[in-house]
Amino acid sequence: MKRYNIVVPRKYEVKGEEKTAWSTVGTLVHFPAQGDKEDGFIVELGMFPTTTFKVFPQKEKDPKDAW
């Protein structure tokens, strides 16, 4: 399992020099493939402390299903 920080930038200026502060808003957790299971991901966001978001590969859409 590997964890990644999810961050947002905030620009500010000090003595005329632009700087960036990075605020952590959550975590992305990667679960490597094991046995017959593919890689997996979950997203944990501080603004939704009781919700775990599961991440799946995006499937191509069938043009026949378009509006």
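Everything quoted here is computed from the prediction, not taken from an experiment.

1. Brief notes about the overall build of the chain
Inference 1: Within the chain, the regular secondary structure consists of zero helices and four strands.
Inference 2: Overall, the chain shows an N-to-C arrangement of helices and strands of β-β-β-β.
Inference 3: A compact globule built from 67 residues would reach a C-alpha radius of gyration of about 11 Å, whereas the chain, at 18 Å, exceeds it by more than 25%.
Inference 4: Each principal axis of the C-alpha atoms in the chain carries an extent, and together these give about 55 × 35 × 20 Å.
Inference 5: Looking at the 67 residues of the chain, the share that counts as buried comes to 12%.
Inference 6: Pairs at least 24 apart in sequence give 19% of the contacts found in the chain among residues at least 6 apart.
Inference 7: If you sum the accessible surface of the chain, you get close to 6400 Å²; carbon and sulfur atoms cover 55% of it.

2. Structural notes on the pattern of salt bridges
Inference 1: Considering all chains together, one arrives at one salt bridge under this definition.
Inference 2: Linking Glu44 and Arg3 is a salt bridge whose minimum nitrogen-to-oxygen distance equals 3.0 Å. Of this pair, Glu44 sits in strand β3 (residues 40-45) while Arg3 sits in strand β1 (residues 2-14), placing them 41 residues apart in sequence.
Inference 3: Owing to a relative accessible area of 48%, Arg3 belongs among the partly exposed residues under this scheme.

3. A look at the sheet that holds strand β4 (residues 52-55)
Inference 1: Taking strand neighbours across the sheet as the criterion, the four strands line up as β1-β2-β3-β4 in an open arrangement whose pairing is antiparallel. A single partner strand is all that each edge strand has here, and the edge strands are β1 and β4. Across the sheet, the mean angle from the axis of one strand to that of its neighbour is 30 degrees, orientation sign disregarded.

The rules behind each value
- Residues numbered from 1 in each chain as written.
- Predicted model: local features only at pLDDT ≥ 70, side-chain atom pairs only at ≥ 80, totals over all residues.
- Heavy atoms only, no water.
- Helix = DSSP H or I, 4+ residues; strand = E, 2+ residues; numbered from the N terminus.
- Rg over C-alpha atoms; globule rule 2.2 N^0.38 Å.
- Buried < 20%, exposed > 50% of the residue type's maximum accessible area, 1.4 Å probe, protein only.
- Contact = heavy atoms within 4.5 Å.
- Areas by Shrake-Rupley, 256 points an atom, 1.4 Å probe, with all protein chains shown as cover.
- Salt bridge = Lys/Arg side-chain N within 4 Å of Asp/Glu carboxyl O.
- Pairing = 2+ DSSP bridges.
- Axes fitted to C-alpha atoms, helices over the stretch in contact; angles between N-to-C directions.

By themselves, these observations are geometric and do not establish any function.
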